[in-house]
Amino acid sequence: MRQTNVALLYEAQRERLALTHVSGQLDRTISVTEDRIWPADLIGHLNLVHPARLQVLGAAELAWAQRQSREKVGHHVTEIINARPPAIIVADKCEIPPILRTICENADIALFTTPHPAASVIDQLRLYLSRELAEKISLHGVFMDVLGLGVFITGNSGAGKSELALELISRGHGLVADDIVEFSRIAPTVLEGRCPEMLKDFIEVRGLGILNIRTIFGETACRRKMRLRLVVHLERRLPGQTDPSRLPMHRETQEVLGVPIIRAILPVAAGRNIAVLLEAAVRSTILQLRGIDSTQEFIDRQQRMLEGEPDRN
């Protein structure tokens, strides 16, 4: 079970959202208890259907409450409080209704105020919870920003991952992480990769030791995070080992935290410029993401020639 608590959320967002703690304990847990629930679902506008989530009240909710009887409002608020939400936030610079303050104090539910618009508060906290409570995994490899695409370079020890990363950095691309990469599933089909704090900006290259990339190449050589879009596997061919298909009919993928990621295998051999090949793989992937498949285009052209049709190009 992935979880955080109200105190951590308050400390992380207090300045950004100008949160003021009015009353209630901050030790309540905020957790994802079911696979079908995403962290972003744990916060929203005042809602009786989801009373156990973190509730945000804005001007619209308070205006509605003013049009209702005190008994009706008290009944709805009591229902929500009985579900023990982690906290209640009153936004839009609104004054806290006395009945809400009293009920929260009696139930020891954390109550906050903020001058920010309710929709903005919800968006910011959903973003925070999506990252804080995301599924996470640490994988061995090098994570790079190549032409704006997040590329995870994998391979056995000695395959040349760090040397390739160094070559790519010298060509103007950016390093996210070397050796260990922390991936988080921040949305159903979105994976975000970051570097562990201990390893940030560093890369280990055989024969040179540990290098500080930011110091050597400058600020633009490092990235804080990237979305994973391509896995490139470096593979040293053994004598007698079968070569990969030269004309693959199906795009290969690799699952990371349940998300299929496009995967390319680059055979490593003396004399091959792996950096150029990887850049070409990235450009090809960008075209595929735009719906342009070079392999299928070639197959279609060959088919037209066999059928005696003129080449459209």
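Residues numbered from 1 in each chain as written. Predicted model: local features only at pLDDT ≥ 70, side-chain atom pairs only at ≥ 80, totals over all residues. Heavy atoms only, no water.

A.B. asks: Before we move on, could you go through the side chain of Ser130 and cite the residues and values that matter?
C.D. replies: Summarising the element assignment, Ser130 is placed in helix 5 (residues 118-132). A residue is classified by how much of its surface remains accessible, and Ser130, at 10% relative accessible area, is buried. In terms of polar contacts, Ser130 uses its side chain to reach the backbone carbonyl oxygen of Arg126, at 2.7 Å. Residues contacting Ser130, with those up to four places away along its chain left out, are Pro39, Ala40 and Ile186. (Helix = DSSP H or I, 4+ residues; strand = E, 2+ residues; numbered from the N terminus. Buried < 20%, exposed > 50% of the residue type's maximum accessible area, 1.4 Å probe, protein only. Polar contact = N/O pair within 3.5 Å; in protein donor to acceptor, adjacent residues only side chain to side chain. Contact = heavy atoms within 4.5 Å.)

A.B. asks: An account of the pattern of salt bridges is requested, with residue identities and associated values reported.
C.D. replies: When the charged atoms of two side chains lie near each other, side chains of opposite charge can form a pair. In total, this model carries twelve salt bridges according to the counting rule given. Here Glu192 ties to Lys225 by a salt bridge, and the two come within 3.9 Å at their closest N and O atoms. Remark: Lys225 occurs in strand 14 (residues 225-236) and Glu192 occurs in strand 11 (residues 190-194); sequence separation between them is 33 residues. The exposure class assigned to Lys225 is partly exposed, which follows from its relative accessible area of 27%. One salt bridge connects Arg263 with Glu252, and the closest N-O pair in it is separated by 2.5 Å. Of this pair, Arg263 sits in strand 16 (residues 259-268) while Glu252 sits in the loop between strand 14 and strand 15 (253-256), placing them eleven residues apart in sequence. A relative accessible area of 36% means that Glu252 is categorised as partly exposed. One salt-bridge network, in which partners are shared between bridges, spans Arg131, Glu192, Arg194 and Lys225. (Salt bridge = Lys/Arg side-chain N within 4 Å of Asp/Glu carboxyl O.)

A.B. asks: Would you mind going over the packing of helix 1 (residues 6-17) against helix 5 in detail, with residue names and values included?
C.D. replies: Taken N-terminus to C-terminus, the directions of helix 1 and helix 5 make an angle of 140°; their axes are 11 Å apart at the nearest point. What the angle tells us is that helix 1 and helix 5 run oblique. When you trace helix 1 past helix 5, the crossing you get is right-handed. Within the contact between the two elements, helix 1 uses Leu8, Leu9, Ala12, Gln13, Arg16 and Leu17 and helix 5 uses Val121, Gln124, Leu125, Tyr128 and Leu129. (Axes fitted to C-alpha atoms, helices over the stretch in contact; angles between N-to-C directions. Parallel < 35°, antiparallel > 145°, perpendicular 65-115°, else oblique. Left-handed = near helix turned anticlockwise from the far one by under 90°.)

A.B. asks: Can you explain the UniProt feature "active site" (unreviewed entry) in the protein chain? Please cite residues and give values.
C.D. replies: Mapped onto this numbering, the UniProt entry gives "active site" (unreviewed entry) at His140, Lys161, Asp179 and Arg246. Considering the arrangement of structural elements, one finds Lys161 in helix 6 (residues 161-170). Judged by its relative accessible area of 8%, Lys161 falls in the buried class. Not counting the four nearest positions on each side in its chain, Lys161 is found in contact with His140, Gly141, Val142, Ile153, Thr154, Gly155, Asn156 and Leu234. There is a polar contact of 3.3 Å between the side chain of Lys161 and the backbone oxygen of Asn156. Relative accessible area serves as the criterion here: at 33%, Asp179 is assigned to the partly exposed category. With residues near it in sequence (within four places) discarded, Asp179 still touches Leu139, His140 and Gly141. (UniProt positions renumbered as here; feature names shortened; annotations may be inferred.)

A.B. asks: If you had to explain the UniProt feature "binding site: ATP" (unreviewed entry) in the protein chain to someone new, which residues and values would you point to?
C.D. replies: In the numbering adopted here, UniProt assigns the feature "binding site: ATP" (unreviewed entry) to Gly155, Asn156, Ser157, Gly158, Ala159, Gly160, Lys161 and Ser162. Assignment of secondary structure puts Gly155 in strand 9 (residues 149-155). Accessibility expressed as a relative area gives 14% for Gly155, which makes it buried. In this structure Gly155 touches Lys161, His233 and Leu234, once residues within four positions along its chain are discounted. Mapped onto the elements, Asn156 comes out in the loop between strand 9 and helix 6.

A.B. asks: Run through the state of the cysteines, naming residues and quoting values.
C.D. replies: Within this structure, the stated rule accounts for zero disulfides. Residue Cys104 stays outside any disulfide, its sulfur separated by 15 Å from that of Cys94, the closest cysteine. Here Cys104 falls in the buried class, since its relative accessible area comes to 0%. Cysteine Cys222 remains unbridged, with the sulfur of Cys195 as its closest cysteine sulfur at 9.0 Å. (Disulfide = S-S within 2.5 Å.)

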